[in-house]
Amino acid sequence: VAVQCQEAQLVVTVHRDLFGNGRLVSAAELSLGPAACKHSRLDPARNTVTFSAGLHECGSTVQITADSLIYRTLLTYEPSPGSNPAIVRSSPAVIPIECHYPRRDNVSSGAIRPTWAPFNSALAAEEKLLFSLRLMNEDWSSERAFTGFRLGDVLNIQAEVGTESHVPLRLFVDSCVATLGPGAEASPHYAIIDFNGCLVDGRSDATSSAFVTPRPRQDVLRFQIDVFRFAGDPRNLIYITCHLKVTPAEQSPDALNKACSFNKARNTWAPVEGTRDICSCCELGNCGSPA
């Protein structure tokens, strides 16, 4: 979404791939302001929808401060129901839009041509973070196509969050549970990662399970698990359910936001980043809870 704050109007250009997932929204599903003004131009070649509206049109509001005039409006995306009303494939979105204009400027005694010069334009959007958890090949270059494994193999698992238009984020895997049926509450179940980021499977005998360090990026976290099966059960399909979360990248890891592996050679826990003391609770089996 691009915004131009012009002399007497604002121009909002929306790419129809609004969420960056390859699915194009319909121009009819977009509107501007509380008055729900429709688009003024559609460009099929560029897949863009353009809204042009006067600063006081479409229900926009104005705030006057000591130095600025601030015009505010909203771009609204309201997906139309599909052929099957029982399911939805897209979420509505409301994107706040602001144009700031200065109230003061330098003038001279010469001829003056009145004009509004945009001071800046601000665009903010609420978005849902897109998390993914994938089985990767041996060199982590792509997703593994074949999902069959034998005992003795190693699972390469990559957790990731899409942060294209978000502040920098650091991803953590809070917990992972293996079960013989869908859902973390199914029985029997086996905890692979627990206690807010402790890879407890690596604490077991004869395993090398651990987080991979260093990370390729702050919004990616990789870990390896030795393949296993549930004893006394003939089923060979195992479900792994993980809880992923993020913190601002600038925030230091702590006991509730960490990625800790057990080092058998040193008989101690070590974090992917942060100080070693944040992993001490892994041995206790209790890392507290958010305040």
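Above: the structure in question.
It should be emphasised that the depicted structure is a prediction, and the values quoted were computed from it without experimental measurement.

### Brief notes about the nonpolar core
Next up, step 1: Residues Val12, Leu30, Leu32, Phe51 and Tyr101 are the most contacted members of the largest nonpolar core, which totals 23 residues.
Next up, step 2: Residue assignment for this core shows that the elements contributing at least two residues are β1 (2-5), β2 (9-15), β3 (30-32), β5 (48-54), β7 (68-77) and β8 (93-102).
Next up, step 3: No other element matches β8, which puts five residues into this core.
Next up, step 4: With residues up to four places along the chain from it excluded, the contact list for valine 12 reads Val1, Ala2, Val3, Leu32, Val49, Thr50, Phe51 and Ile97.
Next up, step 5: With 21 residues, the next largest nonpolar core counts Ala178, Ile193, Ile225 and Ala259 among its residues.

### Brief notes about the pattern of salt bridges
Next up, step 1: Scanning all chains against the criterion turns up nine salt bridges.
Next up, step 2: Look at the salt bridges and you will find they share partners, linking Arg134, Glu143, Glu160, Arg217 and Asp219 into a network.

### Description of the sheet that holds β5
Next up, step 1: Taken in spatial order, the four strands of this open sheet run β1-β2-β5-β4, and their pairing is antiparallel. Single-partner strands in this sheet number two, and they are β1 and β4 (41-43). Taken over all neighbouring pairs, the strand axes of this sheet differ in orientation by 15° on average, direction set aside.
Next up, step 2: The pairing of β2 with β5 spans seven bridges and is classified as antiparallel. Across the sheet, residue leucine 10 finds its bridge partner in β5, namely alanine 53.

### Side note on the state of the cysteines
Next up, step 1: Scanning the entire structure with this criterion turns up six disulfides.
Next up, step 2: Two residues share a disulfide in this structure: cysteine 198 and cysteine 282, whose sulfurs sit 2.0 Å from each other. Taking the sign of the torsion about the S-S bond as the criterion, the disulfide between cysteine 198 and cysteine 282, at about -80°, is left-handed. Taken together, the residues span a long stretch of sequence, with cysteine 198 in the loop between β13 (189-193) and β14 (210-211) and cysteine 282 in helix α1 (residues 280-284) at a distance of 84 residues. The pair formed by cysteine 198 and cysteine 282 is uniform in burial state, with each residue classed as buried.
Next up, step 3: Here cysteine 281 connects covalently by a disulfide to cysteine 287, the sulfurs 2.0 Å from one another. Handedness of the cysteine 281-cysteine 287 disulfide follows from its S-S torsion of about 95°: it is right-handed.

### Side note on unusual backbone geometry
Next up, step 1: That bond from serine 187 to proline 188 is cis: its omega, 0°, falls within 30 degrees of zero.
Next up, step 2: Structurally, proline 188 can be placed in the loop between β12 (169-179) and β13.
Next up, step 3: The linkage connecting threonine 213 with the following residue, proline 214, adopts the cis geometry, with an omega of 0°.
Next up, step 4: Examined against the element boundaries, proline 214 turns out to sit in the loop between β14 and β15 (220-226).
Next up, step 5: Notably, phenylalanine 195 is not glycine yet its phi reads approximately 55°, a positive angle.

Procedures and definitions
Residues numbered from 1 in each chain as written. Predicted model: local features only at pLDDT ≥ 70, side-chain atom pairs only at ≥ 80, totals over all residues. Heavy atoms only, no water. Core = buried A, V, L, I, M, F, W, Y, C linked by side-chain atoms within 4.5 Å. Buried < 20%, exposed > 50% of the residue type's maximum accessible area, 1.4 Å probe, protein only. Helix = DSSP H or I, 4+ residues; strand = E, 2+ residues; numbered from the N terminus. Contact = heavy atoms within 4.5 Å. Salt bridge = Lys/Arg side-chain N within 4 Å of Asp/Glu carboxyl O. Pairing = 2+ DSSP bridges. Axes fitted to C-alpha atoms, helices over the stretch in contact; angles between N-to-C directions. Disulfide = S-S within 2.5 Å.

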